[in-house]
Amino acid sequence: MPHATAPPATGHRPRWWTELPLIAVVYALYSVGRLLVRGDVSTAVDHGLAILRLEQALYLNAEHPLNRLFTSTPSIGIPADFAYASLHYVVTPAVLVWMFRRRSAAYRAARVWLMNSTLLGLVGFTLMPTCPPRLLDASHGFVDTMAQYSAYGWWGEGASAPRGLSGMTNQYAAMPSLHVGWSLWCGILLWRHGRHPLIRAAGIAYPLITTIVVMGTANHYFLDAVAGAAVMGLGALLVKPVIRFADGVKARLAGVLPGGRKRGGASTAAAAIPATVSPDVSAGCKTSTGERIPGQRTTSADPPGTAVGGTAARDAADADASDDAPAAAR
């Protein structure tokens, strides 16, 4: 998605003291919004079962074999639980900081892309609350690996939330999977902007591993992962319109604030000078006959002491040439 990480039109280097509050505010709004959009549990369960039936009809049901593998093999299941509970909190900010420090020309577009997609994910949670596989009835064949291996980590039975804080998270925000969406964002940026082969390889491996982890731990369906990728694609398409809108708002604010500068670089105060002010430096004052403004040039055709273009000098020349002047002066 080259358009999503293209350099911004303004090209100025972002400043961390403005970026950090902006990112913090957006993430806080997302977190609070995710808590406030909890849907009815029965509706979420119905949505989860509908997704499961659709996958089975399309022969896309990879969750069951992966979940059985993670459940029966602690050497796979425990690292997968740690990956699910922590990597999206670590890798995503790390890639954002890396873009800020090393690829500043593309940072703004990358940040806007991430924010667009995150807010679109919140819309998905609102419109379609979905019960993850691990919270379905046991008759559907899923085991909650986070609960099974909770003794090895900081989480309890509330997915990746710390023990006792499961009430602070929305466990029915499964559609779309932003674990997969954010990992895809990281992967594309690492592949596009990484110079070392290992970094580019990590850009391919990270979203693939994340997709396997979210299904094997029974936190997401495969179609949740597909929806997470779709949300990232839509967020990328909105990057340029959002940047244009933000730049337009900044330009309007700069025009109304004191000391704002216009497009050509001149201040609004300078632009407010009346156009009726005379460009004549002398402001209408005239010199007496034969008087020369200090420093004013003369031409070789003018008599000594005559200023170029001076009105007083022209008057003196006309007087000398008149019939009334003495003959000696002619």
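Fair warning: this is a prediction, and the values are worked out from it, not measured in the lab. Along each chain, numbering runs from 1 in the same order as the chain's sequence is written. It should be noted that, the model being predicted, local features are given only for residues of pLDDT at least 70 and side-chain atom pairs only at 80 or more, the latter also being counted only at that level, while totals for whole chains, interfaces and linings use all residues. For the side-chain quantities, the full set of heavy atoms in the structure was used; hydrogens and water were omitted.

A.B. asks: Explain the overall build of the chain here, please?
C.D. replies: Each helix is a run of DSSP H or I of at least 4 residues and each strand a run of E of at least 2, with the numbering of both proceeding from the N terminus. A tally of regular secondary structure across the chain gives 12 helices and 0 strands. Ordered by position from N to C terminus, the α and β elements of the chain give α-α-α-α-α-α-α-α-α-α-α-α. Buried residues are those whose accessible area, probed at 1.4 Å on protein chains only, stays under 20% of the maximum for their type, while exposed residues exceed 50% and partly exposed ones sit between those limits. Relative to its full complement of 330 residues, the chain shows a buried share of 39%. It only takes one pair of heavy atoms within 4.5 Å for two residues to be counted as in contact. In the chain, once contacts between residues fewer than 6 apart in sequence are set aside, the share between residues at least 24 apart is 77%. In short, Shrake-Rupley with a 1.4 Å probe defines the accessible areas, and a residue's cover is counted only from the protein chains shown. Carbon and sulfur atoms make up 65% of the accessible area of the chain, which totals about 18,700 Å².

A.B. asks: Which parts of the structure should I look at to understand the environment of Asn-61?
C.D. replies: Position of Asn-61 relative to the elements: it lies in the loop between helix 2 (41-57) and helix 3 (63-72). Remark: the alpha-carbon pair of Asn-61 and Tyr-221, spanning 160 residues in sequence, is separated by 8.3 Å. Filtering out sequence-adjacent residues up to four positions away, Asn-61 remains in contact with Leu-52, Glu-55 and Gln-56. Under this definition, polar contacts are N or O atom pairs within 3.5 Å; protein pairs additionally need one hydrogen-donor-capable and one acceptor-capable atom, and for neighbouring residues in sequence, both atoms have to be side-chain atoms. In this structure the side chain of Asn-61 is engaged in a polar contact, spanning 2.8 Å, whose partner is the side chain of His-64.

A.B. asks: Whenever I open this one, the nonpolar core confuses me. Can you help?
C.D. replies: Side chains that are nonpolar tend, in soluble globular proteins, to be buried together. To qualify as a nonpolar core, a set must consist of buried Ala, Val, Leu, Ile, Met, Phe, Trp, Tyr and Cys residues joined through side-chain atoms within 4.5 Å. Judged by nonpolar contacts, the single largest core of 29 residues is most densely connected at Val-95, Met-99, Trp-113, Trp-185 and Leu-189. Secondary-structure elements contributing two or more residues to this core are helix 4 (74-102), helix 5 (104-127), helix 7 (178-193), helix 9 (222-237) and helix 10 (239-256). For this core, the element with the most residues is helix 5, which contributes 9 residues. Not counting residues within four places of it along the chain, the set of residues in contact with Trp-185 comprises Thr-92, Val-95, Leu-96, Ala-110, Trp-113, Leu-114 and Met-232.

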